[in-house]
Amino acid sequence: LLRSVGCRVRPYELDPGATDQALEMALDILRDAFESGSSKETALQKAMQLFSDIAIEKTCRPKVGIFGDLYARDNDIMNQDLIHFIEDHGGEVITTPYYKYVKIIASSYFKKWFKEGKYVSLISNSALLFAMQAMEKKYYRYFEPILDRSEFTVKQPDENILSEYGILQEHTGESMDNILKIYHIINEHPDLKLLVQTNPAFCCPGLITESMTQKIESRIKVPIVSITYDVSGGNKNAVIIPFLKDTKESPYSHSRKVSV
């Protein structure tokens, strides 16, 4: 959620670097609260005030959603500082906090475990999900003034989405998760202009998702660019620049994406 707050504020800050400085300070405040066992709510209130104090000027920027391998998506060294790269080229990043990711995929896994008779996994993980949702209700209100959204809800049934791609309830894995994440990001941000898939080298789920992108694009009307970070050098993120520069073309044709 702190990452989401940074992505919401940083593109519009009037004092460059103020948001990143606030993020470091907020992490220090929260870390101290966890180490000392002091009030998390007090720490959050103090941390969020840092962002409320940042002077911003709202402008029109294309929204770019990031999904894919969690490590490649959220590790700034692995993905060559993708978030700052997108912001430096005029975009605003939409990233998915881990608790949202869990809520997106939970129903599909619960149905699978029930059909397979894996009741221990079903009961234990249902309890964890319930606890996570209780924590969301308690803590999200501190982020809401900046993120300007209510608690995240999953609206469309999984089977309605997955059936379009021949995916059954018996299937699991990152490729299935990616489909669900894409659809729920679009539902939450219908004005999204671009989706970026982040993959490490030799990522099988990433390759499977990439092979489905043309079909996905035809349904969601948003272009998807897949980037593989293989530590071979060069600026991997440069392929997304044309999509950030020309935001009037909607939807982008798949042939144009291939030409990039």
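The rules behind each value
Residues numbered from 1 in each chain as written. Predicted model: local features only at pLDDT ≥ 70, side-chain atom pairs only at ≥ 80, totals over all residues. Heavy atoms only, no water. Helix = DSSP H or I, 4+ residues; strand = E, 2+ residues; numbered from the N terminus. Buried < 20%, exposed > 50% of the residue type's maximum accessible area, 1.4 Å probe, protein only. Lys, Arg positive; Asp, Glu negative; His and termini not counted. Salt bridge = Lys/Arg side-chain N within 4 Å of Asp/Glu carboxyl O. Polar contact = N/O pair within 3.5 Å; in protein donor to acceptor, adjacent residues only side chain to side chain. Contact = heavy atoms within 4.5 Å. Expected span 1.5 Å × (residues − 1). Arc of directions from axis to C-beta. Pairing = 2+ DSSP bridges. Axes fitted to C-alpha atoms, helices over the stretch in contact; angles between N-to-C directions. Phe/Tyr/Trp six-rings, centres within 6.5 Å; stacked < 30°, edge-to-face > 60°. Lys NZ or Arg CZ within 6 Å of the ring centre and 35° of its normal. Parallel < 35°, antiparallel > 145°, perpendicular 65-115°, else oblique. Left-handed = near helix turned anticlockwise from the far one by under 90°. Nonpolar A, V, L, I, M, F, W, Y, C, P; charged D, E, K, R; others polar. Core = buried A, V, L, I, M, F, W, Y, C linked by side-chain atoms within 4.5 Å.

A. Just the side chain of Glu 13, in detail. Secondary-structure assignment places Glu 13 in the loop between helix H1 (2–9) and helix H2 (18–36). No salt bridge is formed by the buried Glu 13, whose closest oppositely charged neighbour, Arg 10, lies at an N-O distance of 6.1 Å. There is a polar contact of 2.5 Å between the side chain of Glu 13 and the side chain of Thr 19. If near-sequence neighbours (up to four positions away) are discounted, Glu 13 is found in contact with Ala 18, Thr 19, Ile 54, Ala 55 and Ile 56.

B. Focus on helix H3 (residues 40–52). When the terminal C-alpha atoms of H3 are compared, their 18 Å separation across 13 residues agrees well with the 18 Å that a helix rising 1.5 Å per residue should span. Every buried residue of H3 is listed here: Ala 43, Leu 44, Ala 47, Met 48 and Phe 51. For H3, the angular spread of buried residues about the axis comes to 125 degrees, placing them on one side. Along H3, the residues that are exposed and aim more than 90 degrees away from the buried face are Thr 42, Gln 45 and Lys 46. For H3, the secondary structure elements touched by its buried residues are H1, H2 and helix H7 (119–147).

C. Region of the structure containing the sheet that holds strand E3 (residues 192–200). Pairing in this open sheet of 4 strands is parallel, and the strands run E2-E1-E3-E4 from one edge to the other. Each edge of the open sheet carries a strand with a single partner, namely strand E2 (92–94) and strand E4 (224–229). Across the sheet, the mean angle separating the axes of adjacent strands is 30 degrees when strand polarity is ignored. Sheet topology note: the strand E1 (residues 63–68)/E2 ladder contains 3 bridges and is parallel. Counterpart to Lys 63 in the pairing with E2 is Glu 92.

D. The arrangement of the packing of aromatic side chains in detail. Tallying each qualifying case throughout the model produces 4 aromatic pairs. Measuring from ring centre to ring centre gives 6.0 Å for Phe 114 and Tyr 119, while their planes differ by 70 degrees; the resulting arrangement is edge-to-face. For Tyr 119, a relative accessible area of 44% gives the class partly exposed. A cation sits over an aromatic face here: Lys 40 above Phe 34, 5.2 Å from the ring centre.

E. Representation of unusual backbone geometry. Positive phi, normally seen in glycine, also occurs at Gln 80, with a value near 55 degrees. Looking at where Gln 80 falls in the secondary structure, it is placed in the loop between helix H4 (70–74) and helix H5 (82–88). Here Val 231, not a glycine, exhibits a phi torsion of approximately 60 degrees, which is positive. Within the element layout of this structure, Val 231 appears in the loop between E4 and helix H12 (241–245).

F. Expanded view of the pattern of salt bridges. A complete count under the given rule lists 14 salt bridges for this structure. Here Asp 74 makes a salt bridge to Arg 3, at a shortest N to O gap of 4.0 Å. A residue pair is termed long-range when its members are at least 10 positions apart, and Asp 74 in helix H4 and Arg 3 in helix H1 qualify at 71 residues. Overall, the relative accessible area of 30% leaves Arg 3 in the partly exposed class. Look at the salt bridges and you will find they share partners, linking Arg 3, Arg 73, Asp 74 and Asp 76 into a network.

G. Seen up close, the side chain of Lys 103. Among the secondary structure elements, Lys 103 is positioned in helix H6 (residues 98–116). Taking relative accessible area as the criterion, Lys 103 reaches 12% and is therefore assigned buried. At 2.8 Å, the side chain of Lys 103 forms a polar contact with the side chain of Glu 136.

H. A look at the packing of helix H9 (residues 174–188) against helix H11 (residues 213–220). Interhelical geometry of H9 versus H11 gives an angle of 20 degrees and a closest axis separation of 12 Å. In terms of their interaxial angle, H9 and H11 are classed as roughly parallel. Seen from above, H9 lies across H11 with right-handed handedness. For the pair H9 and H11, the contacting residues are Ile 179, Ile 182, Tyr 183 and Ile 186 in the first and Ile 216, Arg 219 and Ile 220 in the second. Here the residues of the contact of H9 with H11 are counted per class, giving 6 nonpolar, no polar and 1 charged.

I. Quick look at the nonpolar core. Grouped together as the largest cluster of nonpolar side chains are 53 residues, with contacts concentrated most on Met 48, Phe 51, Ile 179, Leu 195 and Ile 220. In terms of residue count, the dominant contributor to this core is H7 (9 residues). The contact partners of Ile 220, leaving out residues within four places of it in the chain, are Ile 182, Tyr 183, Ile 186 and Leu 195. Membership of the second largest hydrophobic core comes to 17 residues, among which are Ile 83, Ile 86, Leu 194 and Val 196.

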